[in-house]
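# Notes for the structure review
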Amino acid sequence: MDASPAAANEPTPLPLAELTPQFSCTFLRHVGNDAAESFDELVRFVRESASAPGRAISVAVPFEDRRTGDDVIDEVGPLAELGIDDLHLLVRKVERPAGWIPREAGINDLENELVLTVRRGDLILINGPAPTTSQLRKWIDKTLSPYRFLPPEVVAGTFPGDGRVLWLRGIHRRRTTKADTKTLGGMRVQDTLNPVDDGTYVVSAAKVAYDPGDQNSVVRDQITFSPTRSRISWKRAGNLRVFLLAAAEIFDLLEKAQVGGNAAEPLSPSLAVVETDLSKVRGAYEVSVIDPDVLLGAPDGDEDQVAHAEGLLDVVLEVRPTENSARAVVDVGYEGAKVGSIAVRPVPTRDGFILKVSPTKDITHATDYQQILTDMQASTQLSVYYESGHVYRDGRILRDKVTSVPFRGVEFADFTGFAITSEKPKQHKGQSLHDAIAEPGDDSLFAWVAQRHTDGWLLCDDGAGEVADFLHLDNNGVLNVIHVKAAGNSTENREIAVTHFEQVVSQAEKSLDYLDNTTLVDHLTTRSGTAAAWHNGNRVPATTVIDQLRARVASDLTYVTIVQPHLYKPAYDAARTAADANTPTTNSRRLARLDNLFHTTRKSIIGRCDDLRIIGST
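Below is a summary of the structure that appears in this document.

Definitions and cut-offs
- Residues numbered from 1 in each chain as written.
- Predicted model: local features only at pLDDT ≥ 70, side-chain atom pairs only at ≥ 80, totals over all residues.
- Heavy atoms only, no water.
- Helix = DSSP H or I, 4+ residues; strand = E, 2+ residues; numbered from the N terminus.
- Buried < 20%, exposed > 50% of the residue type's maximum accessible area, 1.4 Å probe, protein only.
- Contact = heavy atoms within 4.5 Å.
- Lys, Arg positive; Asp, Glu negative; His and termini not counted.
- Charge placed at Lys NZ, Arg CZ, Asp CG, Glu CD.
- Core = buried A, V, L, I, M, F, W, Y, C linked by side-chain atoms within 4.5 Å.
- Pairing = 2+ DSSP bridges.
- Axes fitted to C-alpha atoms, helices over the stretch in contact; angles between N-to-C directions.
- Salt bridge = Lys/Arg side-chain N within 4 Å of Asp/Glu carboxyl O.
- Parallel < 35°, antiparallel > 145°, perpendicular 65-115°, else oblique.
- Nonpolar A, V, L, I, M, F, W, Y, C, P; charged D, E, K, R; others polar.

This part is about the overall build of the protein. Looking only at helices and strands, the protein has 15 helices and 30 strands in total. When the 618 residues of the protein are sorted by exposure, 51% land in the buried category. Taking contacts inside the protein between residues at least 6 apart in sequence as the whole, the part at least 24 apart equals 68%. Side-chain charges in the protein split into 66 positive and 86 negative, and the spacing between the mean points of these groups amounts to 5 Å.

Right, let's talk about the nonpolar core for a bit. Of all hydrophobic cores here, the largest spans 49 residues; its most connected members are F23, F27, L125, F159, I232, F243 and L244. Among the elements that line this core, the one with the most residues is helix 5 (residues 240-258), at ten residues. Beyond its immediate stretch of four places on either side in the chain, L244 contacts V76, L79, L82, I84, L87 and V118. Counting residues in hydrophobic clusters, the runner-up holds 41 residues, among them A508, L515, I562 and I614.

A few words now on the sheet that holds strand 14 (residues 272-274). Judged by pairing direction, the sheet is antiparallel, and its five strands sit side by side in the order 14-22-21-20-15 without closing on themselves. What marks the edges here is a single partner per strand, and that holds for strand 14 and strand 15 (284-289). If you compare each strand with its neighbour and ignore which way they point, the axes differ by 25 degrees on average. In this sheet, strand 22 (residues 396-400) lies alongside strand 21 (residues 390-393) in antiparallel orientation, the contact comprising four bridges. Of the residues in strand 22, the one forming a bridge with V391 is L398.

Before going further, it helps to spend a moment on the pattern of salt bridges. Two side chains bearing opposite charge may form a pair once their charged atoms approach each other closely. As enumerated under the stated definition, the model contains 31 salt bridges in all. The partner of R320 in a salt bridge is D362, with the nearest N and O atoms 3.9 Å apart. With a gap of 42 residues between them, R320 in strand 16 (residues 315-321) and D362 in strand 19 (residues 353-363) connect regions that are remote in the sequence. What emerges from the salt-bridge pattern is a single network uniting D40, R66, D85, D86 and R119.

Two numbers describe a pair of packed helices, the interaxial angle and the distance between the axes. At a minimum axis separation of 8 Å, helix 14 (residues 569-580) and helix 15 (residues 586-605) run at an interaxial angle of 95 degrees. With respect to helix 15, the axis of helix 14 lies roughly perpendicular. Residues A571, Y572, A575, R576, A578 and A579 of helix 14 touch helix 15, and the partners they reach there are N587, S588, L591 and D595. Within the contact of helix 14 with helix 15, the residues separate by chemical class into six nonpolar, two polar and two charged.

Set out below in structure tokens:
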């Protein structure tokens, strides 16, 4: 199909194959009967949105092109062979006021923007600045459009990998002691999250290091996605063919994710659940708009939404709740001077909810009131907090789910042949405890530790002022700080008991100040005269181990391990099954408390070390 420029004077046709678009796309799914016919309707909306000036001075569309799967593009190839059924593109020439001088000065910037719309089957992507996600959402909700945004869990479950950056927004009651939003960065940020602290946040966007597992795949490395905005970003494509190949690959991944074929591990341990019953939502007590600086720092920032947020930044929003419904009346004004009241309420839509913002008859200053009303109606960044524990945000109503998040650092070991109720060895007359460890006849937990660690260096630090019961250093420089506690009993019907862990986790936390390597070596040096030590299972002077510890470097890993065989795998598994099935038992409630204790302890430990491990008995 030939290019069909919309301008009166036809420009030189674009060299399509040489286009290098930034891959940052909003994805939609078609739910009607004829995806090809509906695509015409979508193209009309894209064209109308691209032609609307909005806050710009002027907009023109000097170039537009439409291709189908039957077409061949020079140096790109047949679209059908690339897995593309429809392609529409346009160039948008936008004149905007320069941002560094008032609009009235008449100094303007001219930008040329590319908008691509691509279809493969029932999946569609729109790449470019127009229409925005908020414009698309309003078009879908207010018309009989056969398009829907992808479910957030599909977008979030498409790309497994190590999280590099997480943008989080809270659903908890706003307070000075907890952040409304958080941005985390690192090598694998999902490992830094703690359900106790982070369980009331949801992921607004994430960047992951994605490995497709296929060396021929185009899409790899850094992928950014925004689940609630149905948006996926990659990088600038080297040419149009690469862009379309990437689009086709992501279409494939999304199709698999929609049927649960490649669900990724959740990046956040969120306890938030989606509420669908509006009758449970009541007692609004606060309406807020996100800080514009947060929007500017987000990976999918929307200039119009930033502008609306800035317009509401100095607006006072005082809520007058309706106790038995989700509706609220908000008194609005500037610097304590009320200019009127505005009603807000969530309204169900095809994909969730939309916040309906309506004027009331309570207006005392029409000009200011109209500006506030316009910004509130156009903003998609308003949040409404309810006494029922719910919050409206991003087209969804969420609430805290009070539950236990399993602690994943638990493992179970075989203690056969050892007395799990005996922490330390029995001493013969004239024998020190350190001399008795792992000697013939010793079946204590200390002997179990010595038998388990017959590779590398092991030192017992038991005694008054100890750092830990044992320190184990492997051949790679990894230090394992081991705390041991005896079981309350050794019967097979022993139940989960939090009390058997409370003392030992406290000891583990108190010892953290000693785990700086210099401090640790200095401490052990003063106690080395009587300490038991082993190398590859054979007894050696404690100074041998201390010399090895002295050689450690800052990049060497350190773990804290708690050995408590009272935690019995059959009881643990039964309690976990009951919790997962939502059929609580005494043990499942105890396990919830134990999970929270482990998570809280881990929070302290990872501030100084790499992680916490718990060892129970099989």
